[in-house]
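Commentary on secondary and tertiary structure
So you can see what is in the structure, the chains are spelled out below.
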Amino acid sequence: MELHEYLRTADEIERDGAAALAAAADADALEAARIAFLGDRSGRIKALQESLKSIPKESKPAAGKRFNEARTRLEALLAERKSAVDRAAGAGAAEDLTLPARRQWEGAKHPVTLVIEEIEGIFRELGFTIAVGPEAETEWYNFGALNFPPNHPALDAHDTMYLEREGLLRTHTSPVQVRTLQRFAPPIRVLIPGKVYRRDPFDASHAPAFEQIEGLCVDEGISFVDLKATLNLFAKRFFGASRTRFRPSFFPFTEPSAEMDVQCGICGGAGCAACKGTGWIEILGSGMVHPSVLEAAGLDSERYTGWAFGMGPARIAISRYKIPDIRILYDSDARFLEQIAGAGHPGGAR
Ligand code: DAH
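Report on the accompanying structure.

Rules used throughout
Residues numbered from 1 in each chain as written. Predicted model: local features only at pLDDT ≥ 70, side-chain atom pairs only at ≥ 80, totals over all residues. Heavy atoms only, no water. Helix = DSSP H or I, 4+ residues; strand = E, 2+ residues; numbered from the N terminus. Contact = heavy atoms within 4.5 Å. Areas by Shrake-Rupley, 256 points an atom, 1.4 Å probe, with all protein chains shown as cover. Lys, Arg positive; Asp, Glu negative; His and termini not counted. Charge placed at Lys NZ, Arg CZ, Asp CG, Glu CD. Pairing = 2+ DSSP bridges. Axes fitted to C-alpha atoms, helices over the stretch in contact; angles between N-to-C directions. Near = heavy atom within 4 Å. Polar contact = N/O pair within 3.5 Å; in protein donor to acceptor, adjacent residues only side chain to side chain. Buried < 20%, exposed > 50% of the residue type's maximum accessible area, 1.4 Å probe, protein only. Core = buried A, V, L, I, M, F, W, Y, C linked by side-chain atoms within 4.5 Å. Parallel < 35°, antiparallel > 145°, perpendicular 65-115°, else oblique. Left-handed = near helix turned anticlockwise from the far one by under 90°. Nonpolar A, V, L, I, M, F, W, Y, C, P; charged D, E, K, R; others polar. Disulfide = S-S within 2.5 Å. Salt bridge = Lys/Arg side-chain N within 4 Å of Asp/Glu carboxyl O.

Below, the discussion takes up the overall build of the chain. Counting its secondary structure elements, the chain contains 12 helices and 9 strands. For the chain, the C-alpha atoms occupy an extent of roughly 125 × 50 × 35 Å along the three principal directions. Long-range contacts, defined here as pairs at least 24 residues apart, represent 67% of the contacts in the chain between residues at least 6 apart. Working note: accessible area of the chain is about 19,300 Å², and carbon and sulfur atoms make up 53% of it. A gap of 6 Å separates the mean positions of the 42 positive and 48 negative side-chain charges of the chain.

The 7 strands are arranged S1-S4-S5-S9-S8-S7-S6 in an open sheet whose pairing can be described as mixed. Two strands close off the open sheet at either side, each with one partner strand: strand S1 (129-130) and strand S6 (244-251). Taken together, the 7 bridges between S6 and strand S7 (residues 254-263) define a ladder with antiparallel strand orientation. Residue Thr244 lies in a different strand from S7, and its bridge partner there is Val262. Relative to strand S4 (residues 188-197), helix H7 (residues 175-183) is tilted by about 140°, and along the sheet it contacts S4, strand S5 (209-219), strand S8 (280-289) and strand S9 (305-311). Its contacts with the sheet put helix H10 (residues 313-320) on S5, S8 and S9, and the angle it makes with S5 is roughly 110°.

This part takes up the site of the ligand. Taken together, 15 residues form the shell around the ligand, and within it His172, Ser174, Arg198, Gln212 and Glu214 come nearest. Between Ser174 and the ligand, the recorded distance is 2.9 Å, taken from a side-chain N or O atom to a nitrogen atom. Between the ligand and Phe309 there is a distance of 3.3 Å, counted from an oxygen atom to a backbone nitrogen or oxygen. Here the ligand, which alone exposes 360 Å², has 92% of that area covered by the protein. Looking at the shell around the ligand, the elements with two or more residues in it are S5, S8 and S9.

Counting buried residues in S5 gives 8 out of 11 residues, a clear majority hidden from the surface. Relative to S5, S4 is paired through 10 bridges, and the arrangement is antiparallel. Bridge pairing in S5 links Arg189 to Cys217. Summarising the sheet, S5 and S9 pair through 7 bridges and their orientation is antiparallel. Counted as the bridge partner of Leu216 is Ala308 from S9.

In terms of nonpolar packing, the biggest core is built from 38 residues, with Ile119 and Trp307 touching the most fellow members. Contributing elements (two or more residues each) for this core: helix H5 (111-125), S5, helix H8 (224-239), S7, S8, S9, H10 and helix H12 (334-341). In contact with Ile119, not counting residues within four places along its chain, are Leu191, Ile213, Phe234, Phe238, Met311 and Ile316. One finds Tyr141, Leu168, Val218 and Phe253 within the second-largest nonpolar core, a separate group that totals 24 residues.

Geometrically, a packed helix pair is captured by the angle between its two axes and the distance between the axes. It is at 9 Å that the axes of helix H1 (residues 3-23) and helix H2 (residues 27-38) come closest, and there the two elements cross at 165°. The angle between H1 and H2 places the two elements in the roughly antiparallel class. In terms of crossing hand, the pair formed by H1 and H2 is left-handed. Contact with H1, carried on its side by Ile13, Asp16, Gly17, Ala20 and Leu21, involves Leu30, Ala33, Arg34 and Phe37 of H2 and no other residues of that element. Taken together, the residues that form the contact of H1 with H2 break down as 6 nonpolar, 1 polar and 2 charged.

Counted by the stated rule, this structure contains 0 disulfides. Cys267 forms no disulfide, and the closest cysteine sulfur to it belongs to Cys264, at a distance of 3.6 Å. Lacking any disulfide linkage, Cys272 is separated from the closest cysteine sulfur, that of Cys267, by 3.7 Å.

A few words now on the pattern of salt bridges. For the structure on display, the rule yields 22 salt bridges. In this structure, the salt-bridge partner of Glu125 is Arg237, at a minimum N-O distance of 3.3 Å. Note that Glu125 is positioned in helix H5 and Arg237 in helix H8, a separation of 112 residues in sequence. According to the relative accessible area criterion, Glu125 is exposed, its value standing at 59%. The partner of Arg247 in a salt bridge is Asp261, with the nearest N and O atoms 2.8 Å apart. Pair noted here: Arg247 is in strand S6 and Asp261 is in strand S7, with a separation of 14 residues, a long-range link.

Take a look at the structure:
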């Protein structure tokens, strides 16, 4: 083959190849064009390479140079076109507007938080404000001011972690009663949520750290009637139309003291597993604030009287949501939390 003929053939192949590659609209068309021009067995570039053999020796360098140019150009065009076709395929999927949107997972409130917030809402409507106090507390606020005599058996239930320098992790929210009475003058109506600590085993019904909600009402002329009326109203609001009962009890910081039960909402009082066959669920401890607690806080106990209560929102959450083991509340398994909170599924559409 003469050189001029070879160069003309190379021009043709390059021009046809560039046109075929440019016209390929998808991956299949591009692959067909690649095979036709750059294919190893019968591609036209391969044929051009073969015909180099028939070029006279003195023309070989020029023909070879032209062959390399044509092949390099088509290979570059192929690579360029391939990435354009791939990008178009990907972009098409991302822009499929018919796909359902992926929903953002917003998380869910913890069941104990739900219970605390609902209780706070009820007491706020009754004119209570929210107060808080320190979790690291002194022995005096946790015990002394609350009328626990040293070595009294009531201390047994309140074994806790003592801090290295001084003080302890509070075993109940009751010390905040004293802190509130020291700081504000009656009339006082406060609700005190917070974490408390005890040297308790971590089992199906105990935890060494848990939430409590304390209530305190102090003014002139407050009586046990106020306690019963307020707590009955709370029970009606929180548990529905349940009946309640008060059982005599003992706390060093109240006199008289009473535990309040609500009728079991599951069996309606007939007795079932949830209420251990009694028909009643114990929800709180309460009583008239002991005069020595008022005096410890600097109030005249002849002038002022008050009532108080303390309850465990985890216990209430367990009976309300029928949770079989208190430890589930500490796992923070998002699937469990949102099942209780009634939220959607994490990750949205699947
Ligand atoms: N502080 C008590 C406890 O943790 C609960 C309690 C009972 C609080 C009676 C009160 C109350 O304010 O009046 O066991």
